[in-house]
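Structural overview
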Amino acid sequence: IANNDLAVAYRRLAYMHIRLGELPAAEDALRKAIALDPANVNAVSQLGAIASEQGRVPESIQLLRRALEINPQQVDAINTLAWLLATQRDPAIRNPEEALRLIEPVCKQLASPPAALLDTLAAAFAGVGRFDEATATATQALQAAQQAGDQAMAQEIQQRLNQFRRGEAIFE
């Protein structure tokens, strides 16, 4: 089996583990995929997302930046990195200006951006104190989540929308 084929197999195994909620096993499979194919942007991006979910934010940011070095247009990496930069409480990590520079062009390129991207854009607007734009964008995100039938996301966005209306940024 060629290294690239084996890397693809490990990545698929990782996605199956993710679906089962087995993040440590998914992380192990992704690391093996990356060892075989260091330029596998999807594996690097997914590993960054897992690190974020597990609270390893500096590691996550490093992986997401690496994914964007491989492919500057990797939307999942852009979205996750922008969210982290816009919402972190730690001032050494928080950089809502950079988050806005990352996510705004992605949203502008799409005719109907998905709720997750709009949610991140709203968080970035709030992070730089542009609450009117955060509120308008979060309203669009809420509508997109409702149209997609994602009630859990719609509830989260509604809570953030209320924060933006009060002039509050998001801190995680």
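In what follows, the structure referred to is the one given above.
Residues numbered from 1 in each chain as written. Predicted model: local features only at pLDDT ≥ 70, side-chain atom pairs only at ≥ 80, totals over all residues. Heavy atoms only, no water.

1. Remarks on the pattern of salt bridges
Cut-off, in case you're wondering: Any carboxyl oxygen of Asp or Glu within 4 Å of a side-chain nitrogen of Lys or Arg constitutes a salt bridge here. Per the convention used, a helix needs a DSSP run of H or I reaching at least four residues, while a strand needs a run of E reaching at least two, with both numbered from the N terminus. Think of it in three bands: residues with accessible area under 20% of the maximum for their type are buried, residues over 50% are exposed, and the middle band is partly exposed, with areas taken using a 1.4 Å probe on protein chains only.
Overall, the coordinates contain 11 salt bridges when judged by the stated rule. Ionic pairing is found between K32 and D28, a salt bridge with its closest N-O pair at 3.2 Å. Pair noted here: K32 and D28 are both in helix α2 (residues 23-36), with a separation of 4 residues, about one helical turn. When the shortest N-O distance is used, the salt bridge between E98 and R65 registers 2.7 Å. Of this pair, E98 sits in helix α6 (residues 96-109) while R65 sits in helix α4 (residues 57-70); the two residues are 33 residues apart in sequence, bridging distant segments of the chain. Judged by its relative accessible area of 16%, E98 is buried. What makes R65 partly exposed here is its relative accessible area of 34%.

2. Examining the environment of L13
In this structure, L13 sits in helix α1 (residues 3-19). For the pair formed by L13 and A26, sequence separation is 13 residues and the distance between their alpha carbons is 7.2 Å.

3. So, the environment of L84
Rules: Two residues form a contact once any of their heavy atoms are found within 4.5 Å.
Along the chain, L84 turns up in helix α5 (residues 75-87). Overall, L84 belongs to the buried group, its relative accessible area being 3%. Spatially, the C-alpha atom of L84 lies 8.9 Å from that of P96, the residues being 12 residues apart in sequence. In this structure L84 touches S52, V57, S60, I61 and L64, once residues within four positions along its chain are discounted.

4. Regarding helix α7 (residues 115-127)
For clarity, the threshold we go by: For a helix, the expected span equals 1.5 Å multiplied by the residue count minus one.
Here α7 spans 18 Å end to end across 13 residues, near enough to the 18 Å set by a 1.5 Å rise per residue. By the criterion of burial, α7 is predominantly enclosed, with 11 of the 13 residues buried. Within α7 the residues assigned to the buried category are A115, L117, L118, D119, T120, L121, A122, A123, A124, F125 and A126. Looking at the packing, one finds that the buried side of α7 touches α5, α6, α8 (131-147) and α9 (151-165). Phi turns positive one or two residues past the end of α7, at G129, with a value near 85 degrees.

5. What to know about the packing of α6 against α7
Definition in use: Axis definition: a line fit to C-alpha positions, over the contact stretch in the case of helices; interaxial angles, taken between N-to-C directions, run 0 to 180 degrees. For any pair of crossing helices, the crossing counts as left-handed if the nearer helix is rotated counterclockwise from the farther one by less than a right angle, and right-handed if it is rotated clockwise. Gly is put with the polar residues, along with every residue not named as nonpolar or charged; the nonpolar set is Ala, Val, Leu, Ile, Met, Phe, Trp, Tyr, Cys and Pro, and the charged set is Asp, Glu, Lys and Arg.
Here α6 crosses α7 at 145 degrees, and the two axes come no closer than 9 Å. Like other packed secondary-structure pairs, α6 and α7 cross with a definite hand, here left-handed. Of α7, the residues touching α6 (which contributes P96, A99, L100, I103, E104, V106 and C107) are L117, L118, T120, L121, A124, F125 and G127. Grouping the constituent residues of the contact of α6 with α7 by class yields 11 nonpolar, 2 polar and 1 charged.

6. Overview of the environment of A145
Examined against the element boundaries, A145 turns out to sit in helix α8. The class of A145 is buried, set by a relative accessible area of 1%. Spatially, the C-alpha atom of A145 lies 8.4 Å from that of I157, the residues being 12 residues apart in sequence. The residues contacting A145, other than those within four sequence positions of it, are A115, D150, M153, A154 and I157.

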